[in-house]
Amino acid sequence: MKTIQLLGIIGDPIAHSLSPAMHNAVLRKGGFRYFYLPFHVTPQKLKDFIRDAVILHLKGFNVTIPHKEAVWQYLSWISPEAKAIGAVNTVVVSGRRLKGYNTDAGGYLRSLTEETGFRPREKTALVLGAGGASRAVVYALAKAGLKEIAVANRTRARARKLAREFGKKLRKTRIVDVPFDVSLINRLLPDVDLLVNTTSVGMNRSAFRGLRLDSLKKSAVVSDLVYKPRFTPLLRAAKRRRLKVHTGDGMLLHQGAQAFRLWTGRRPDLRTMKKALLQALKLK
Ligand code: ATR
């Protein structure tokens, strides 16, 4: 009898995760002998989970809040990308060795360029937020050759830290922090080719008050990492102005697809994966 190997995602909480639906759909359709499970792992249980993952021969797992940094201590290798971003979202288990990767950055870039046709070289972006998701996005955009990235965050010190740190690591791109002040942001918009929201504003239909998208170039792309609702007030406003929009499910899909490749060595069927993801999103 052929055995089935396990994949999964660890987090606390974990019930909301869309990854099991997305991965199992594509694994089933492709006849892969893997099954992807959500594992509720509290910080106190992380060490036990790692031991069990090795004993049970898990092929790999995704890592979400609050383990993206804590998992580092158990890894025997961390990709340069994950190191620079400061977070691991995908682990590959080979024997007793665990390798850590970050597919959020690559997944974001892939989804942005494929879904909107955005060409990063020599462009300017304004990124709202300076948390973990922002770090992956800023890293991906700088690596892709943007000329300038401005980061605005409610807690300015966090934006300043991110801009300083990445400014040193990614020297080809000018990375600056700007105040999280709506009138200043409105004044910056005419020079912006890409506006990205990495904050949680937009969940529960909350909005950036006073943000005026009228002054964005006609060719500008507005990208939102929030995936529920799929069309946030920011994206709705952009659509009303006939701007290109990039929804948050794209990053989710492509980070998953890149993790899938790391585990199986094969490209997943993106259509099946996306269909399952959007269906799961409706149900959550
Ligand atoms: P993630 O991993 O999703 O990026 P995070 O690291 O907790 O999560 O970051 C959340 C981001 O959303 C931060 O940039 C946060 O701003 P602060 O650093 O000031 O906390 C931002 N954020 C959350 N709620 C916000 C709000 N109501 N208005 C503006 N920014 C908000």
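Sequence positions are assigned chain by chain, starting from 1 and proceeding in written order. Note on the predicted model: pLDDT of at least 70 is required for a residue's local features to be given, and 80 or more for side-chain atom pairs to be given and counted; whole-chain, interface and lining totals, by contrast, use all residues. With hydrogens and water excluded, all non-hydrogen atoms of the structure serve as input to the side-chain values.

Okay, the side chain of Gln255 next. The numbering of helices and of strands both runs from the N terminus, where a helix is a DSSP run of H or I of at least 4 residues and a strand a run of E of at least 2. Tracing the backbone through its elements, the reader meets Gln255 in helix H9 (residues 249-264). Assessed through its relative accessible area of 7%, Gln255 is described here as buried. Residues adjacent in sequence count toward polar contacts only when both atoms are side-chain atoms; beyond that, a polar contact is any pair of N or O atoms within 3.5 Å, and within protein one must be able to donate a hydrogen and the other to accept it. In terms of polar contacts, Gln255 uses its side chain to reach the side chain of Asn89, at 3.3 Å. Side-chain polar atoms of Gln255 contact the backbone oxygen of Leu252, separated by 2.9 Å. Here a residue-residue contact requires only that any non-hydrogen atoms of the pair lie within 4.5 Å. Gln255 has contacts with Ser19, Met22, Asn62, Asn89, Thr103, Asp104 and Gly107, leaving out every residue within four places of it along the chain. Each residue is assigned to one of three classes by its accessible area relative to the maximum for its type, calculated with a 1.4 Å probe on protein chains only: buried under 20%, partly exposed between the two thresholds, exposed over 50%.

Time to look at the domain arrangement of the protein. The source of the domain bounds is an automatic or database domain assignment. Per the domain assignment, the segments making up the protein are domain 1 (5-102 + 250-283) and domain 2 (105-247). Of note, the centres of domain 1 and domain 2, computed from C-alpha atoms alone, are 26 Å apart. Counting residues at the interface gives 15 residues for domain 1 and 19 residues for domain 2. Interface area for domain 1 against domain 2, summed over the two sides, is near 1,500 Å², with a carbon-plus-sulfur share of 59%. Sorting the residues of domain 1 by area buried against domain 2 places Ile85, Met251 and Leu281 first, and these three jointly supply 37% of that buried surface. When a carboxyl oxygen of Asp or Glu is within 4 Å of a side-chain nitrogen of Lys or Arg, the pair counts as a salt bridge. Between domain 1 and domain 2 we count 0 salt bridges in total. The term buried area denotes the loss of accessible surface (1.4 Å probe radius) that occurs when two parts are joined, taken as the sum for both partners.

Moving on: the site of the ligand. Nearness is judged by heavy atoms alone; a residue qualifies as near a molecule or strand once a single heavy atom is within 4 Å of it. Within the structure, the ligand sits among 13 residues, and Ala133, Asn153, Arg154, Thr155 and Arg158 are positioned closest to it. Between the ligand and Gly132 there is a distance of 3.0 Å, counted from an oxygen atom to a backbone nitrogen or oxygen. Ser200 places a side-chain nitrogen or oxygen 3.2 Å from a nitrogen atom of the ligand. Using a 1.4 Å probe, the Shrake-Rupley method yields the accessible areas, and only the shown protein chains count as cover for residues. In the complex, the protein chains occlude 67% of the 640 Å² of accessible area that the ligand would expose alone. The nonpolar class holds Ala, Val, Leu, Ile, Met, Phe, Trp, Tyr, Cys and Pro. Asp, Glu, Lys and Arg form the charged class, and all remaining residues, Gly among them, are polar. In terms of residue class, the shell around the ligand is made up of 4 nonpolar, 7 polar and 2 charged.

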